[in-house]
Amino acid sequence: MTLSWSDPEPEDSLFELSGRSRARAIQRDFARVTLRGRLHAWALRAAAGRMHRIYGERKARLFESLPDTVVELGPGAGANLRYYRPGTRLIAVEPAPQMHRALSKEAARRDIELEIVRTPAETLDLEDASVDAVVSTLVLCSVSDPREVLAEVRRVLRPGGRFIFIEHVAADPGTRLHRLQGWLRRPWAWACEGCQLRRNTGAIVRAAGFDSVDEERFRVSWRWMPVSPHVAGIARR
């Protein structure tokens, strides 16, 4: 059977096989995921300079007065570490092992005390009300359930703690960009580690039960790109 981008991949396709055929299929899928993960890690490192030019001023402003210990969801290769004070203890929730080597090198270069947590953001391995700040930049677009992630963020934040976020979001319905996001949705998610172009992350954060949410919408410089619309802000526990 030939699949197109508009067709869901059968979840039980592997179970229709048996013996060596099934083992070879599992090995092929693992190789594809591993290869994409390595390519993703390389792409993040290569794009660090451009990301700094696009987001640097906004990140510097949002990350002002961060506490000595910060939890970051999906830090990848460490693009945000340049904005943390030297000596910061960073609890890095990064389940992708392909990122760990680059992340560790960047932490050493920036004098960041790094602790890598390998569990996914939907099940944070942290105590209730144990941290004062959680950071997420360009991560909630690709998690399996952002509502579960935000529930975990609220759980681990102390009263008065901050959730700091920058995320690309769905374009306004009815616009050409919104239609483009719909056309590209499936291939984009396949190529970009599950990234969802039409996720309305701002609304999801506002509905997550934080005491207050201060946010701003903005566009990045490449206005024709499907990831141009963004939201950034601080949600307080």
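Residues numbered from 1 in each chain as written. Predicted model: local features only at pLDDT ≥ 70, side-chain atom pairs only at ≥ 80, totals over all residues. Heavy atoms only, no water.

## Looking at the sheet that holds strand β1 (residues 69-73)
Read across the open sheet, the seven strands follow the order β3-β2-β1-β4-β5-β7-β6; overall the sheet is mixed. On the outer flanks of this sheet lie β3 (113-117) and β6 (212-219), each paired with one strand and no other. Between one strand axis and the next, the sheet turns by 15° as a mean value, whatever way the strands run. In this sheet, strand β7 (residues 229-236) lies alongside strand β5 (residues 157-168) in antiparallel orientation, the contact comprising seven bridges. Within β7, the position partnered with R162 by the bridge is R236. (Pairing = 2+ DSSP bridges. Helix = DSSP H or I, 4+ residues; strand = E, 2+ residues; numbered from the N terminus. Axes fitted to C-alpha atoms, helices over the stretch in contact; angles between N-to-C directions.)

## Concerning the pairing of strand β4 (residues 131-137)
Buried residues dominate β4, accounting for six of its seven residues. Alignment of β1 against β4, held across three bridges, turns out to be parallel. Across the sheet, the residue bridging to L73 is S136, located in β4. For β4 and β5, the ladder comprises six bridges, and the chain directions are parallel. Note on β5: the bridge partner recorded for V131 is L157. After leaving β4, the chain enters helix α4 (residues 146-156) and then returns to the sheet as β5, a path that is right-handed. (Buried < 20%, exposed > 50% of the residue type's maximum accessible area, 1.4 Å probe, protein only. Right-handed = clockwise from strand over helix to strand, strands pointing away.)

## Focus on the side chain of T88
As for its position among the elements, T88 is in the loop between β1 and β2 (89-93). Reaching out from T88, the side chain makes a polar contact with the backbone oxygen of R85 at a distance of 2.7 Å. (Polar contact = N/O pair within 3.5 Å; in protein donor to acceptor, adjacent residues only side chain to side chain.)

## Comments concerning the packing of aromatic side chains
Evaluation of the coordinates by the stated rule reveals four aromatic pairs. Centroid distance F63 to Y83: 6.0 Å. Interplanar angle 75°. Geometry classified as edge-to-face. A residue pair is termed long-range when its members are at least 10 positions apart, and F63 in the loop between α2 (48-62) and β1 and Y83 in the loop between β1 and β2 qualify at 20 residues. In this pair, the class of F63 matches that of Y83, namely buried. Between F163 and F165 the ring centres are 5.6 Å apart and the planes differ by 20°, which places this aromatic pair in the stacked class. Residue class for F163 comes out buried when judged on its relative accessible area of 0%. The exposure class of F165 is buried, given its relative accessible area of 0%. The structure contains a cluster of three or more aromatic residues connected by ring pairs, namely F63, Y83 and Y84. (Phe/Tyr/Trp six-rings, centres within 6.5 Å; stacked < 30°, edge-to-face > 60°.)

## Overview of the pairing of β1
Burial analysis of β1 places four of its five residues in the buried class, the great majority of the element. Note: β1 against β2, five bridges, orientation parallel. Among the inter-strand pairings, E72 is bridged to a residue of β2, identified as A92.

## A look at the confidence of the model for the chain
Mean pLDDT over the chain works out to 82, with 77% of the residues at or above the 70 mark. Note that pLDDT drops below 50 for residues 1-37; the model gives that stretch 23 contacts with residues more than four away or on any other chain. (pLDDT = per-residue confidence, 0-100. Contact = heavy atoms within 4.5 Å.)

## A word on the environment of A92
In this fold, A92 is placed in strand β2. Remark: the alpha-carbon pair of A92 and L103, spanning 11 residues in sequence, is separated by 9.0 Å. Residues in contact with A92, not counting those within four places in the same chain, are E72, P75, L103, L114, E115, I116 and V117.

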